[in-house]
Amino acid sequence: MARYTGPVCRLCRREGMKLFLKGDRCYTDQCAIVKRNYAPGQHGQSRKKVTEYGMQLREKQKVRRFYGISESQMVKYFIMADKMRGITGENLLKILELRLDNVVYRMGFASSRAEARQLVTHGHFLVNGSKVDIPSVILSVGDIVEIKERTRGSEKIKDLAANHNGNTVKWISVDIDQLKGSIVAEPTREDIDIPVEEHLIVELYSK
């Protein structure tokens, strides 16, 4: 599967907002949006008329980049969301929030979704007691995510536990002393802090 490997700060500049792709750096003055708040490239500072299709495309790309997923995955998740009961756009965001890599990030076990995805891929997490190394696994209410016993002795994990601020979303419960967390409810639209107009994505894929 194709994966973007270029400088991620360009993605934030292209969308004109912080996508929080580089962890703690995004909260400092070194953030690309702070230093160069315009689109990358030769014509990045020129004004362009945005069409309706352009607005829909940008919202879709924004969500893809927030969660680090490919176009084929995005289409698959949209089809899943469209078959679910409720509002399709909100269903789509709910599915993305319940991906294992995002849950690890939301629990505070990684500084970014990219780091969470790497940690999961390297097999550092258990889901309901079993090793899972697929970041795209969709979790459910009641699932328990914990750091493997063998990984807990690493300096990174010790530092994580010492500096964990407990600032997690309300649909997740975290026990930092045990280095584990659980999903206690399904996320609602109010719980998802991503500034995106999901109805534009639905309009784009419904054409």
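Residues numbered from 1 in each chain as written. Predicted model: local features only at pLDDT ≥ 70, side-chain atom pairs only at ≥ 80, totals over all residues. Heavy atoms only, no water.

Q: Looking at this structure, how should I read the packing of helix α4 (residues 71-83) against helix α5 (residues 88-97)?
A: Helix-helix packing is described using two parameters, namely the angle between the two axes and the distance between the axes. With their axes 8 Å apart at the nearest point, α4 and α5 run at an angle of 125° to one another. Judged by the inter-axis angle, α4 sits oblique to α5. Two packed elements cross with a definite hand, and for α4 against α5 that hand is right-handed. Residues Met74, Tyr77, Phe78, Met80, Ala81 and Asp82 of α4 lie in contact with α5, whose contacting residues are Thr88, Asn91, Leu92, Ile95 and Leu96. Residues that form the contact of α4 with α5 fall into these classes: eight nonpolar, two polar and one charged. (Axes fitted to C-alpha atoms, helices over the stretch in contact; angles between N-to-C directions. Helix = DSSP H or I, 4+ residues; strand = E, 2+ residues; numbered from the N terminus. Parallel < 35°, antiparallel > 145°, perpendicular 65-115°, else oblique. Left-handed = near helix turned anticlockwise from the far one by under 90°. Contact = heavy atoms within 4.5 Å. Nonpolar A, V, L, I, M, F, W, Y, C, P; charged D, E, K, R; others polar.)

Q: Looking at this structure, how should I read unusual backbone geometry?
A: Most peptide bonds take the trans form, and the phi angle of most residues other than glycine is negative. Look at Asn128: it is not a glycine, yet its phi comes out positive at around 55°. The exposure class of Asn128 is partly exposed, given its relative accessible area of 46%. Phi at Leu179 is positive, roughly 55°, even though this residue is not glycine. If you trace the backbone, Leu179 turns up in the loop between β4 (172-175) and β5 (180-183). (Buried < 20%, exposed > 50% of the residue type's maximum accessible area, 1.4 Å probe, protein only.)

Q: Would you take a moment to explain the sheet that holds β4 for this structure?
A: Hydrogen bonds along the backbone pair up the strands of a sheet, which may run parallel or antiparallel. Strand order in the open sheet formed by five strands is β2-β1-β3-β5-β4, with antiparallel pairing between adjacent strands. Both outer strands of the open sheet, β2 (130-131) and β4, are each paired with one neighbouring strand and no more. (Pairing = 2+ DSSP bridges.)

Q: Just to check I follow, could you spell out the pattern of salt bridges for this structure?
A: Where side chains of opposite charge bring their charged atoms close, a pairing between them can arise. Following the criterion strictly, the structure yields twelve salt bridges and no others. With a shortest N-O distance of 2.8 Å, Arg99 and Asp101 are connected by a salt bridge. Neither residue differs from the other here; Arg99 and Asp101 are each classed as buried. The partner of Arg152 in a salt bridge is Glu146, with the nearest N and O atoms 3.3 Å apart. Among the charged side chains, a network of salt bridges with common partners joins Lys60, Arg64 and Glu71. (Salt bridge = Lys/Arg side-chain N within 4 Å of Asp/Glu carboxyl O.)

Q: Would you mind showing me how to read the packing of aromatic side chains here?
A: Inspection of the entire model under this criterion finds two aromatic pairs. Between Phe78 and Tyr205 the ring centres are 5.1 Å apart and the planes differ by 40°, which places this aromatic pair in the tilted class. In this pair, Phe78 sits in helix α4 while Tyr205 sits in helix α9 (residues 198-205), placing the two residues 127 residues apart along the sequence. Taking 6.1 Å as the distance between ring centres and 25° as the angle between the ring planes, the aromatic pair formed by Phe109 and Phe125 counts as stacked. (Phe/Tyr/Trp six-rings, centres within 6.5 Å; stacked < 30°, edge-to-face > 60°.)

Q: Would you mind showing me how to read the pairing of β4 here?
A: Here four bridges tie β4 to β5, and the two strands are oriented antiparallel to one another. Among the inter-strand pairings, Ser173 is bridged to a residue of β5, identified as Ser182. Connecting β4 to the antiparallel partner β5 that follows it, the hairpin turn spans four residues, and Leu179 within it adopts a positive phi of roughly 55°.

Q: Hey, could you run me through the nonpolar core in this one?
A: As a rule of thumb, soluble globular proteins bury nonpolar side chains together. Among the nonpolar cores identified, the biggest contains 24 residues, and Leu100, Val103, Val104, Phe125 and Val145 are the most heavily contacted of them. Core analysis: the second largest hydrophobic core is formed by 15 residues, Tyr67, Tyr77, Ala81 and Ile194 among them. (Core = buried A, V, L, I, M, F, W, Y, C linked by side-chain atoms within 4.5 Å.)

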